[in-house]
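Chain by chain, the residues:
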Amino acid sequence: MNLNSLKKYIAPALIVATTAFTSCLHQLDTVPVDPNVDTKDKVYQTIEDYNQGLAKLYAGYAVTGQQGPDGNGDLGGIDEGASQYLRRYWEAQELPTDEAINCWGDPGQPDMSTMTWSPTNTLNEALYYRVIYQISLANQFIRDCNASDFDLSSQIAEARFLRAYSYWHALDLYGNGVPMVTEENAVGAELPMPWGQRHDGDELFNYISSELEAIIDTDNEQHLVETNESLFGQANIGVAYMVLTKLYLNAPVYLNASVLPSDYLDKAETYVEQVLNRYALSLDSKNKVSAYQSLFLMDNYEEGNEVIFSINYFGNQTRTWGGMTYLINAATGGGMDRDHMGLPGWGGNRSMTSLGKYFENVSDDRNLLFYDNSHTPEISNFYEFSEGVPVMKFRNVDSNENKGDASFAEVNYPVFRVADAMLMQAEIKVRKYGTHDQGVFTRLWARANRQGQIPAMNLTNILAERARELYWEGHRRQDLRRFNSFTSSEHVTAWPYKGTNTSTPNGINNVDVKYELYPIPSSETGANPNLNQNPGY
């Protein structure tokens, strides 16, 4: 897999604009509103033009607009860098959990860490519209491809995947009541209806699964390429299998059902096996870093055997104040070594003792937490970055410790890794059969050089191992929900500032169950009376 092959498409794609959108247009699909914006008749002349249009869909997860890092952004009404897709998605999945906390006082920011957000939270609104915008772009691209005389079956399959991927985010974050629009809907003809009247209905779930299952079928003209035929960061059959695994494994959460058709876990098991047939753990140390650490540095594109899907960054060619530039800068500050991190640092995100406990008194290569006398692990002042446990997982350096671009990160974000698939397979086995061998723990601990007695294979220990292996990779909220450990249940524990205002540092166990989902923004429900707000908001 060659990173540079994808790189040549991303930069030109940033100037391809077939759709305009601002936060004041509460429609899932839009047409150009600026007469100076090129239309498809001008943009799409050759197959190469369509490839660049497809690259724009990929770039939508990495950057924020046509210029970057600010100016001519895709969304209006919010700081451009703060509206970036990965930045908003990562915060939504990590900040309200036991893995991360942010010390900034920007509007809406403390609410994300304290699980006290409302339908008017500006950061949640930015996330919602970013997801909707990405779906909008995919819809329009598919329409344009369908109207073309070229054979664009492969491009359409990838666009269908990316749309299903963002719709999965919408389902996971907002439930079944988000707007229902595909390429079949006339652009701007009417206000969209929700996928279903109930937030826990199965309409969107079924649509996502049917789309993904269609494009993994090699008998279908529109199907994804095999893993050995794709570029690093490109959607392929293995990536689709990974999303299908997560969709079916999380089905009880999405459908709010304790009893589901027995074939749901069977499907998850089948799909995860397809993933594991195509990928393998990266086991060898590389240059100056361990095998585990090499997955989160600038040259992690060499780890395509383990990294299943990624959001790619190329320094000055993907300029944004979101994405990996945000994740590394926001994690850097206080007494930390800026040269080691590879960027100057903004001092915002750090972790807590609730994550540190998984590495207590044991040597483990995955323990990339920072401790020194300039930082206090316990947090008494929410707004003080020097209180908490800084995380050095992502760094803007390569495996030889050479620094990247001085302003914009060059690290690719690993969306999915094979270690995640291995742990999901073990979880599925335990959920189906009540037990499973310890082989997964053994392999992950051996790679991490972690010593000690291998724990029993049960759900409690799987959740703990997912924290050790996957922290800060955007999975924790989803995991806690699936293990009934996020808001209110007998399994729920407290972590610092959970469900409290910033004057109550110890957090609480039980939080209003409404926080299982994020609210649909008030601006959206106000503009579209067809939509229903999620329960409790």
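These figures come from a predicted structure and were not determined experimentally.

**Regarding the side chain of Arg466**
Within the secondary structure, Arg466 sits in helix α17 (residues 459-470). On the basis of relative accessibility, which here comes to 1%, the residue Arg466 falls in the buried class. The residues touching Arg466, leaving out its near neighbours within four places in the chain, are Lys246, Asp420, Leu423, Met424, Glu427, Tyr471, His475, Asp479 and Arg482.

**A few points about empty space enclosed by the protein**
Using the criterion set out here, one finds four cavities of 30 Å³ or more in the structure. One number sums up the size of the largest cavity: a volume of about 110 Å³. Taken together, 15 residues line the largest cavity, and the ones lying closest to its centre are Tyr89, Tyr165, His169, Val415 and Gly474. Of all the secondary structure elements, the ones that give two or more residues to the lining of the largest cavity are α4 (85-94), α7 (153-174) and β4 (413-417). When the residues that make up the lining of the largest cavity are grouped by side-chain class, the tally is 10 nonpolar, four polar and one charged.

**Things to note about the environment of Tyr433**
Its place among the elements puts Tyr433 in helix α15 (residues 418-433). On a C-alpha basis, the gap between Tyr433 and Asn367 in space is 32 Å, while along the polypeptide they are 66 residues apart. Within polar-contact distance, the side chain of Tyr433 engages the side chain of Lys432 at 3.2 Å.

**Re the pattern of salt bridges**
Enumeration over the complete set of coordinates arrives at 37 salt bridges. Across the pair Lys429 and Glu269 runs a salt bridge, and its minimum N-O distance is 2.8 Å. Residue Lys429 is located in helix α15, and its partner Glu269 is located in helix α11 (residues 263-276); the two are separated by 160 residues in the primary sequence. What makes Glu269 buried here is its relative accessible area of 9%. Through salt bridges that share partners, Glu306, Asp364, Arg366, Lys393, Arg417, Arg447, Arg450, Glu465, Arg468, Glu469 and Glu473 make up one connected network.

**Thoughts on the nonpolar core**
General note: in soluble globular proteins, nonpolar side chains tend to be found buried as a group. With 145 residues, the main nonpolar core has Phe161, Met324 and Phe416 as its most contacted residues. Not counting residues up to four positions away in its chain, the partners in contact with Met324 are Leu86, Tyr313, Phe394, Ala409, Val411 and Tyr413. Counting residues in hydrophobic clusters, the runner-up holds five residues, among them Ile101, Met352, Ile379 and Phe382.

**Some thoughts on unusual backbone geometry**
Even without being glycine, Glu401 reaches a positive phi, approximately 70°. Looking at where Glu401 falls in the secondary structure, it is placed in the loop between α14 (353-356) and β4. Even without glycine at this site, Tyr497 takes up a positive phi of about 65°.

**Notes on the confidence of the model for the protein**
The predicted coordinates of low-pLDDT regions are not to be read in fine detail. With 92% of its residues at a pLDDT of 70 or more, the protein shows a mean pLDDT of 91. Below a pLDDT of 50 lies the segment residues 8-36, which in the model reaches 84 contacts outside its immediate sequence neighbourhood of four places, other chains included.

**Some details on the packing of aromatic side chains**
As enumerated under the stated definition, the model contains 36 aromatic pairs in all. An angle of 90° between the planes, with centres 5.3 Å apart, marks the rings of Trp117 and Tyr515 as edge-to-face. Placement of Trp117 in the loop between α5 (109-114) and α6 (122-146) and of Tyr515 in the loop between α18 (476-482) and α19 (522-527) is noted, with a sequence separation of 398 residues between them. Measuring from ring centre to ring centre gives 4.4 Å for Trp117 and Tyr518, while their planes differ by 25°; the resulting arrangement is stacked. Within this pair, whereas Trp117 is found in the loop between α5 and α6, its partner Tyr518 is found in the loop between α18 and α19, the two being separated by 401 residues in sequence.

Reading guide: rules and limits
Throughout this document, residue positions are counted from 1 along each chain, in the order its sequence is written. Given that this is a predicted model, residues contribute local features only at a pLDDT of at least 70 and side-chain atom pairs are listed and counted only at 80 or more, while totals for whole chains, interfaces and linings are drawn from all residues. The basis for every side-chain value is the complete set of non-hydrogen atoms in the structure, without hydrogens or water. Secondary structure elements are taken from DSSP: a helix is a run of H or I of four residues or more, a strand is a run of E of two residues or more, and numbering for both begins at the N terminus. Here the term buried applies to any residue with accessible area under 20% of the maximum for its type, exposed to any over 50%, and partly exposed to those in between, with areas from a 1.4 Å probe on protein chains only. Any two residues having at least one pair of non-hydrogen atoms within 4.5 Å are treated as being in contact. Here a cavity means grid points, on a 1 Å grid over the protein atoms only, where a 1.4 Å probe fits yet cannot get out; a pocket means an open set of points with protein on both sides within 12 Å along at least five of seven lines; lining residues are those with an atom within 4 Å of a point. Grid points are joined across faces, edges and corners, and a volume is the space filled by probe spheres set on the points. Amino acid classes used here: Ala, Val, Leu, Ile, Met, Phe, Trp, Tyr, Cys and Pro are nonpolar; Asp, Glu, Lys and Arg are charged; the rest, including Gly, are polar. Counting of polar contacts relies on pairs of N or O atoms within 3.5 Å, with two restrictions inside protein: one atom must be capable of donating a hydrogen and the other of accepting it, and residues adjacent in sequence are counted only when both atoms are side-chain atoms. We define a salt bridge as a contact between a side-chain nitrogen of Lys or Arg and a carboxyl oxygen of Asp or Glu at a distance within 4 Å. As used here, the term nonpolar core means buried Ala, Val, Leu, Ile, Met, Phe, Trp, Tyr and Cys residues forming a set that is joined through side-chain atoms within 4.5 Å. Per-residue confidence from the predictor is reported as pLDDT, which spans 0 to 100. Each Phe, Tyr or Trp ring (for Trp, its six-membered ring) is paired with any other whose centre lies within 6.5 Å, and the angle between the two planes then decides the class: stacked below 30 degrees, edge-to-face above 60, tilted in between.

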